[in-house]
Amino acid sequence: MEPLTRMDEQDGETVRVPAGAKSWESNDDGTVWTFTLNDNKWSDGEPVTAEDYVYGIKRTLDPESGSLNSYLITCIKNGKAVNNGEMSVDELGVKAVDDKTLKITLEQPTPYFLSLTDTRAMLPERQDIVEKYGDTYGAEAGNIVCNGPFKMDTWTHNSEITISKNDNYWDADSVHLDKVTWKIIQEETTVYNSFDSGSLDTCSSGTPEWIDRFSKKDGVKSLEYENTTLRCHFFNTKDELFQNENIRKAFTYAMDREDINSTIYFDTHKPSYSWVMGPVSTGGKRLLQRTGRRDPAERYHGKSGSKRTALKRNGRAGAWR
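Here's a quick rundown of the structure. (Residues numbered from 1 in each chain as written. Predicted model: local features only at pLDDT ≥ 70, side-chain atom pairs only at ≥ 80, totals over all residues. Heavy atoms only, no water.)

1. Some details on the sheet that holds strand β6 (residues 101-105)
Note the cut-off: At least two DSSP bridges between two strands are needed for those strands to be called paired. We count a stretch as a helix when DSSP gives it H or I for four or more residues in a row; a strand needs E for two or more, and each element gets its number in order from the N terminus. Interaxial angle, 0 to 180 degrees, is taken between N-to-C directions of lines fitted to C-alpha atoms, where a helix line uses only the stretch in contact. In this description, contact between two residues means that some pair of their heavy atoms is separated by no more than 4.5 Å.
One open sheet accounts for four strands, arranged β3-β4-β6-β5; its pairing is antiparallel. In this open sheet, the two strands that pair with only one neighbour each are β3 (21-26) and β5 (94-98). Across this sheet, the average inter-strand angle for adjacent strands is 20°, counted without regard to direction. In this sheet, strand β4 (residues 32-37) lies alongside β3 in antiparallel orientation, the contact comprising five bridges. From the neighbouring strand, Glu-25 faces β4, where its bridge partner is Thr-34. On top of the sheet, helix α1 (residues 50-61) reaches β4, β5 and β6; it is set at about 170° to β5, its chief contact.

2. With respect to the pattern of salt bridges
Heads up, the rule is: A pair is scored as a salt bridge if a Lys or Arg side-chain nitrogen falls within 4 Å of a carboxyl oxygen belonging to Asp or Glu. Relative accessibility under 20% of the residue-type maximum defines a buried residue, over 50% an exposed one, and the middle range a partly exposed one, all with a 1.4 Å probe and only protein chains included.
Scanning all chains against the criterion turns up 12 salt bridges. The closest approach of N and O atoms between Lys-100 and Asp-39, which form a salt bridge, is 3.7 Å. Pair noted here: Lys-100 is in the loop between β5 and β6 and Asp-39 is in the loop between β4 and α1, with a separation of 61 residues, a long-range link. We classify Asp-39 as exposed; its relative accessible area is 62%. In this structure, Glu-160 engages Lys-183 in a salt bridge whose closest nitrogen and oxygen atoms are separated by 2.6 Å. Placement of Glu-160 in strand β8 (residues 160-165) and of Lys-183 in strand β9 (residues 179-184) is noted, with a sequence separation of 23 residues between them. Overall, Lys-183 belongs to the partly exposed group, its relative accessible area being 30%.

3. Some thoughts on the layout of surface pockets
This is how the line gets drawn: Residues are said to line a cavity or pocket when one of their atoms sits within 4 Å of a point; the points come from a 1 Å grid over protein atoms alone, cavities being sets where a 1.4 Å probe fits but cannot get out and pockets being open sets with protein on both sides within 12 Å along at least five of seven lines. Grid points are joined across faces, edges and corners, and a volume is the space filled by probe spheres set on the points. For this scheme, ten residues count as nonpolar: Ala, Val, Leu, Ile, Met, Phe, Trp, Tyr, Cys and Pro. Four count as charged, namely Asp, Glu, Lys and Arg, and the remainder, Gly too, count as polar.
Roughly 1,300 Å³ of internal volume is contained in the largest pocket. What lines the largest pocket is a set of 31 residues, among which Met-1, Arg-120, Leu-123, Ile-144 and Met-152 lie closest to the centre. Here the lining of the largest pocket takes four residues from strand β7 (residues 150-156), the largest share from any one element. Among the residues forming the lining of the largest pocket, the class breakdown is 16 nonpolar, nine polar and six charged.

4. With respect to the pairing of β8
Burial runs high along β8: six of the six residues are buried. The pairing of β7 with β8 spans six bridges and is classified as antiparallel. Paired with Lys-151 across the strands is Ser-164, a residue of β8. Remark: three residues form the turn of the hairpin made by β7 and β8, two consecutive strands paired antiparallel; Asn-158 in that turn has positive phi of roughly 65°. Of the strand pairs in this sheet, β8 and β9 are connected by five bridges, and their pairing is antiparallel.

5. Remarks on the packing of aromatic side chains
The test is simple: Planes of paired rings set the category: under 30 degrees apart is stacked, over 60 is edge-to-face and the rest tilted, where pairs are Phe, Tyr or Trp rings (Trp by its six-membered ring) whose centres lie within 6.5 Å.
Within the structure shown, the criterion is met by 10 aromatic pairs. Aromatic side chains Phe-235 and Phe-242 sit 5.1 Å apart centroid to centroid with 40° between the ring planes, which places their arrangement in the tilted category. For Phe-235, a relative accessible area of 29% translates into the label partly exposed. Exposure remark for Phe-242: the relative accessible area of 17% places this residue in the buried category. Joined through ring pairs, the aromatic side chains of Tyr-192, Phe-195, Trp-210 and Phe-214 make up one cluster.

6. Considering a negative patch on the surface
What counts, and what does not: Two distance rules govern patches: like charges are joined within 9 Å, and nonpolar side chains (Val, Leu, Ile, Met, Phe, Trp, Tyr) within 5 Å, applied only to residues with over 30% relative accessible area and no salt bridge. With residues, only the protein chains shown are counted as cover, and all accessible areas are computed by Shrake-Rupley using a 1.4 Å probe. Positive charges come from Lys and Arg, negative ones from Asp and Glu, while His and the chain ends are left out of the count. Charge positions are represented by NZ for Lys, CZ for Arg, CG for Asp and CD for Glu.
On the surface, Asp-8, Glu-9, Asp-11 and Glu-13 cluster together into a patch of negative charge. Here Glu-9 shows up in strand β1 (residues 5-10).

7. Considerations on the nonpolar core
The line we're drawing: For the purposes of this section, nonpolar cores are sets of buried Ala, Val, Leu, Ile, Met, Phe, Trp, Tyr and Cys residues that join through side-chain atoms within 4.5 Å.
Of all hydrophobic cores here, the largest spans 31 residues; its most connected members are Phe-35, Leu-102, Ile-104 and Phe-113. Elements supplying a minimum of two residues to this core: β4, α1, β6 and α3 (127-133). When residues in this core are grouped by element, the largest group, six residues, is from α1. Once residues lying within four places of it in the same chain are set aside, the contact partners of Phe-35 are Leu-4, Ala-21, Ser-23, Trp-24, Lys-100, Thr-101, Leu-102, Ile-104, Phe-113, Leu-114 and Thr-117. In terms of nonpolar packing, the next biggest core, distinct from the first, is built from nine residues, Val-191, Phe-195, Leu-200 and Trp-210 among them.

See the structure below:
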C-alpha cells in the first residue's frame, strides 16, 4: 500500500518524500493539513482518490474495526471520541475536498503529525472491496487491491508470498524489480542455512556466529542498522531494599552497560541510557540530539542506542520470521 508520504535516504540523511501525496501544506498553527494526491491507480485500474484515504483513516478509528493502530491518530479532531464510540466516524476531522485533495484537521498542533502519514493507521482502503469481502478482506491474495509499487499475486499461508510490479503505480518507472518472493520461515537456523546455500537473497541476524560467518562470505553485503528494541531490567519494589529510590539509582548508575553488551550480547547491541532509542526522530532530527538531554549514568559508561545487523545478497528473495 502507498501511504501519503514515505521516508527516503538522501545524502546520508533520512528525509520525508512524496508518495501517495505529491505535496502537502498546513495552516500557520499546524492544525489543518492539506494533501494533494498523485495521479495514482489501484492494481485493478481504478483511480486512487482522497475518499479512499478518508475511508481508510475512518476505518482505523472506528471502534468496530478494533484496529491496534487507532491510538496513533487520535490527534485528528474528534479522533479520541470516535475511537471511544462517543461520536460517529462521520464527525472525524478528515475530508475529501475533491478527488485529489485530502484535508485533515487536528485537535491541536501536533509536531509529529507528518511522521504518522507513512504508518498503517493512515493507509487508503477501497470501501467497495472491503465491503465485498467483509471479514476475509486482506486474508487472501485475491481479497485485496493495492496502490503501491507492487501487487500481491499469491499467498501460501505459513509458506510464502509472491508480489509483482504494479504497472498502474504512479511511479512505476522507478520500480526495477518485476517480482519478489517472501519466504515465511519460523526457524532461525533454517533461515540462515537457506541464505548460506543461496536459496534466499536476504536475511537479518543478531547472532554473532552467523554475522561473522556471513560477513566473510563472498558475494554478501553486510549492512548494520539501528532499531528501537529496548531490553530492560526492573526492580522488585516489593522488596524492602528496592523501595529505597536512592538504592535503585545506585544500582542503575553502577550497572556497566558496556560490559553487559560485550559479555552477554557479544557487542550486537549498544548501551542505552534512555527510554527513547537513538533512531527515534522528530522533525527530521533524532530526538536525543534535539533535546540534548543525557542520563547521569551515561557520564560513566558511554552512549545510547541499539543495533542489529542485516545481511544482504544481491537478488530478490527474503525471509520473514
